Amino acid sequence: MKKEDLLNEDFLKQFKNGDELNSFIQQLKKRGIEQLLEGELDGHLGYERHDRSQTANSRNGHTSKTIKTTEGSMLISVPRDRDASFNPLLVPKRKSMVEGIESVVVSLYAKGMSISDIEEQIKDVYDIAVSSSTISRITDRIVQDITRWQNRPLDPIYAVVWMDGIVFKVREDSRVIDKTIYIAIGLNLEGRKEVLGMWIGKNESASFWLSVLTDLRARGVKDILITATDNLKGFTDTIRAVFPEATKQICVVHQIRNSCKYVGWKERKPFSADMKEIYNAPNRDAAALKLDELDKKWGDKYGYAIKSWRANWNELTAFLDFPLEIRKIIYTTNVIENLNGKIRKYTKNKMTFPTDDAVMKSVYLSIHEATKKWTMPILNWGTLFNQFVIMFEDRINR
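Here the structure is a predicted model, which is why all the values come from computation and not from measurement.

Description of unusual backbone geometry
(1) Moving on: In this structure, Ala 84 takes a positive phi of about 60° despite not being glycine.
(2) Moving on: Even without glycine at this site, Asp 173 takes up a positive phi of about 55°.
(3) Moving on: Residue class for Asp 173 comes out exposed when judged on its relative accessible area of 67%.

Below, the structure is given as structure tokens:
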């Protein structure tokens, strides 16, 4: 029956009030759902009702089930089969809602909405009362997804792996403390980016990164051609301990930011312009000359800001050994910082997380949302791959 018919004046006269009309509409929907389920069972068994079964399996009565729809809760009759292999797509087993609402809950949670906000949003939009406990149970299932995702096998070789941490406030033992979510993004040999995993720990440290790298190794990563990281103390030695052949690049942008901390704000702009000459140099020798010039000009006043350049020189200028196309993707950790920015966007409404699981769920779903478009190789991958093959042919073809 069409909506226009339902609103026909003669038709409406048979109902005493709005409640009777709503009840009638709900019965129509109940009947429609039940007919769809019967059709699903026909397809599952391979024959229609009242026909003779051609297999050992056959219909086996019905069972009652309460489901939630846009019109509220309703009791429906769900058909069964003898070997219990029928699991309807419309209302799957062990689910109380018509398929679609659960995905809405997960999507809203991924975009940073609180459980109470989700409850209110679904009530407003779908006119379905979904309790906070139900929403929690739906999102709790994500923990199982995280476990499977976190332990999936990885490729044996990655061209580049970017690594960085992002800090959140998490409640622990009646206190709110800072915890770091460690994230690694890999560029595989097909030119596609993928988040290799996320790990939670206290205060970003080289020792924890050791456990992260060990986990990557255990999941099948045998070699990383280039790593791109910040200049966390001890990070380079940690990478060397697990992936000794990896070329280690420290993010130049991080280095510039850190150096500028020790420069008077009035002079930061000209100081930064002189630092720019270092990483824009065509090769290491030219970069070393620019560093000497920086030291000669600013060393007496800001020697400490220059000291860290010399202390990390090999890792800061590793990118200069590569062609321009490769340099552009390894001299900074922009790839992972962009991802972290999107994670912050999705989690900005959650100032403090009640548990480790809660922050892991939010970050995992944020990553899922942020990486939906990571389906194609990065720009100019054909050129980049050929350059990687020329420079690392013995390792790529092992």
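What about the sheet that holds strand S7 (residues 247-250)?
(1) Moving on: Spatially, the five strands line up as an open sheet ordered S5-S4-S3-S6-S7, and their pairing is mixed. Two strands bound the open sheet, and with one partner strand each, they are strand S5 (193-201) and S7. With direction set aside, neighbouring strand axes in the sheet form an average angle of 25°.
(2) Moving on: With eight bridges connecting them, strand S4 (residues 175-188) and S5 associate as antiparallel partners. In the strand pairing of S5, Leu 187 is matched with Lys 193.

Describing the packing of helix H10 (residues 252-260) against helix H12 (residues 284-311)
(1) Moving on: Put simply, H10 and H12 touch, their axes get as near as 9 Å, and they point 155° apart. The angle between the axes of H10 and H12 places the two elements in the roughly antiparallel class. Pair H10 / H12 crosses with right-handed handedness. On H12, the residues that touch Val 252, Gln 255, Ile 256 and Ser 259 of H10 are Ala 305, Ser 308 and Trp 309.
(2) Moving on: Residues that form the contact of H10 with H12 fall into these classes: four nonpolar, three polar and no charged.

Quick look at H10
Side chains that are three or four residues apart share a direction in an α-helix, a result of its 3.6 residues per turn.
(1) Moving on: Among all positions of H10, only Val 252, His 254, Gln 255, Ile 256, Ser 259 and Cys 260 are buried.
(2) Moving on: Looking at the buried positions of H10, the neighbouring elements they touch are S7, helix H11 (268-279), H12, helix H13 (313-316) and helix H15 (334-347).

So, how was this worked out
- Numbering of residues starts from 1 in every chain and runs along the sequence as written.
- Only residues with pLDDT of 70 or above have their local features reported here, since the model is predicted, and side-chain atom pairs are shown and tallied only from 80 upward, although totals for entire chains, interfaces and linings are computed over all residues.
- No hydrogens and no water enter the side-chain calculation; it runs on all heavy atoms of the structure.
- Burial classes: relative accessible area under 20% of the type maximum marks a residue as buried, over 50% as exposed, and values in between as partly exposed (1.4 Å probe, protein chains only).
- At least two DSSP bridges between two strands are needed for those strands to be called paired.
- Under the DSSP-based scheme used, a helix requires at least four consecutive residues in state H or I and a strand at least two consecutive residues in state E, with every element numbered from the N terminus.
- Fitted lines through C-alpha atoms give the axes, limited to the stretch in contact for helices. The angle between two N-to-C directions lies from 0 to 180 degrees.
- The labels follow the angle: roughly parallel below 35 degrees, roughly antiparallel above 145, roughly perpendicular from 65 to 115, and oblique for the rest.
- Definitions for this section: a left-handed crossing has its near helix turned counterclockwise from the far helix by less than a right angle. A right-handed crossing has that turn clockwise.
- Whether two residues are in contact is decided by their heavy atoms: any pair within 4.5 Å suffices.
- Charged residues are taken to be Asp, Glu, Lys and Arg, nonpolar residues to be Ala, Val, Leu, Ile, Met, Phe, Trp, Tyr, Cys and Pro, and polar residues to be all remaining types, Gly included.

Purely spatial values, then, with no claim about function.
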